[in-house]
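Architecture and fold: a report
Listed here are the chains, written in short residue letters.
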Amino acid sequence: MDGDERRFDPGRRCLALLAEPPTDPGRLARWLLGCGLVPPGTPLTAVDDDWVERFAELRVHIGVLVRAELGAHTPDVPAALDRLNALAAAAAPPAPRAVRGPDGRLVRALGGAPRCAPLVATVARDAVDLLTDPEARALIRQCEGDHCHRVYLDTSRGGRRRWCSSEMCGNRERVARHRARAVRTAEPSGGKSRRR
């Protein structure tokens, strides 16, 4: 995952897809590795613009359905649900195998070269699982940071998580509050600044 995305764990692969749009084959390949859809070291030479389009389509449908769960009104829900279900059923997930790594320990590998449809189906099934599990669905939150649209599962104690990342959006809000307090204390009473 790129840059700041490494610090953001939304709690589900389907929500991770919402956080990091697959804009090109290289970024998609890094995302596939970063979220554990394929084991480290898996060659991803087949990832191309078609893969990017297919994951981008899935991302749109997941986004519509998750936003609807958060209370957004959208007429696209029935079509998004139909397409999500079709993508989830389109292919069997990739079969993992246990193989000996260079150091002799068992590591996970795929039974064959990664293909797009099974990987898309895996993420689509993750979304189906999330959206049909009442307990998990109740934990879906949107970051409260200004201009942040990231969605995550709030598994914090007491369900009080407010930001996608305390280091990013949380820190921005703390800095903004600090600046606002500094401006208020620098102004004389009445809220008018002094003229020199």
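Fair warning: this is a prediction, and the values are worked out from it, not measured in the lab.

Another aspect to go through is the side chain of H61. Residue placement: H61 occurs in helix α3 (residues 49–69). For H61, a relative accessible area of 15% corresponds to the buried category. Among residues more than four places away in sequence, those in contact with H61 are A80, R83 and L87.

On to the layout of surface pockets. Looking at the second largest pocket, its volume works out to about 150 Å³. Lining the second largest pocket, in full, are P39, P40, G41, T42, P43, V99, V107, R108, A109, L110 and G112. For the lining of the second largest pocket, the leading source of residues is strand β2 (residues 106–110), giving four residues. Looking at side-chain class alone, the lining of the second largest pocket contains seven nonpolar, three polar and one charged residues.

One finds W31, L32, F55, L58, I62 and V123 to be the most contacted residues of the largest nonpolar core, which totals 39 residues. Looking at this core, the elements with two or more residues in it are α1 (13–19), α2 (25–34), α3, α4 (77–89), α5 (116–132) and β4 (151–153).

This brings us to the packing of aromatic side chains. All chains considered together, the criterion is met by one aromatic pair. Judged by centre distance (6.0 Å) and plane angle (65°), the ring pair of W31 and F55 falls under edge-to-face. On the criterion of sequence distance, the pair formed by W31 in helix α2 and F55 in helix α3 is long-range, its members being 24 residues apart. In terms of burial, W31 and F55 fall into one category: buried.

Among the surface-exposed residues, D24, D48, D49 and E53 lie close enough to one another that they form a single negatively charged patch. Inspection of the secondary structure puts D49 in helix α3.

Where α4 meets α5, the closest approach of the two axes is 7 Å, and the angle between their N-to-C directions is 125°. One finds that α4 runs oblique with respect to α5. For the element pair α4 and α5, the recorded crossing hand is left-handed. Taken together, the residues of α5 that come into contact with α4 (itself represented by L84, N85, L87, A88 and A89) are V120, A121, A124, R125, A127, V128 and L131. Its residues assigned to classes, the contact of α4 with α5 comprises 10 nonpolar, one polar and one charged.

Calculation notes
- Residues numbered from 1 in each chain as written.
- Predicted model: local features only at pLDDT ≥ 70, side-chain atom pairs only at ≥ 80, totals over all residues.
- Heavy atoms only, no water.
- Helix = DSSP H or I, 4+ residues; strand = E, 2+ residues; numbered from the N terminus.
- Buried < 20%, exposed > 50% of the residue type's maximum accessible area, 1.4 Å probe, protein only.
- Contact = heavy atoms within 4.5 Å.
- 1 Å grid on protein atoms, 1.4 Å probe; cavity = no way out; pocket = protein on both sides within 12 Å on 5 of 7 lines; lining within 4 Å.
- Points joined across faces, edges and corners; volume = space filled by probe spheres on them.
- Nonpolar A, V, L, I, M, F, W, Y, C, P; charged D, E, K, R; others polar.
- Core = buried A, V, L, I, M, F, W, Y, C linked by side-chain atoms within 4.5 Å.
- Phe/Tyr/Trp six-rings, centres within 6.5 Å; stacked < 30°, edge-to-face > 60°.
- Patch = residues over 30% accessible without salt bridge, like charges linked within 9 Å, V, L, I, M, F, W, Y side chains within 5 Å.
- Areas by Shrake-Rupley, 256 points an atom, 1.4 Å probe, with all protein chains shown as cover.
- Salt bridge = Lys/Arg side-chain N within 4 Å of Asp/Glu carboxyl O.
- Lys, Arg positive; Asp, Glu negative; His and termini not counted.
- Charge placed at Lys NZ, Arg CZ, Asp CG, Glu CD.
- Axes fitted to C-alpha atoms, helices over the stretch in contact; angles between N-to-C directions.
- Parallel < 35°, antiparallel > 145°, perpendicular 65-115°, else oblique.
- Left-handed = near helix turned anticlockwise from the far one by under 90°.

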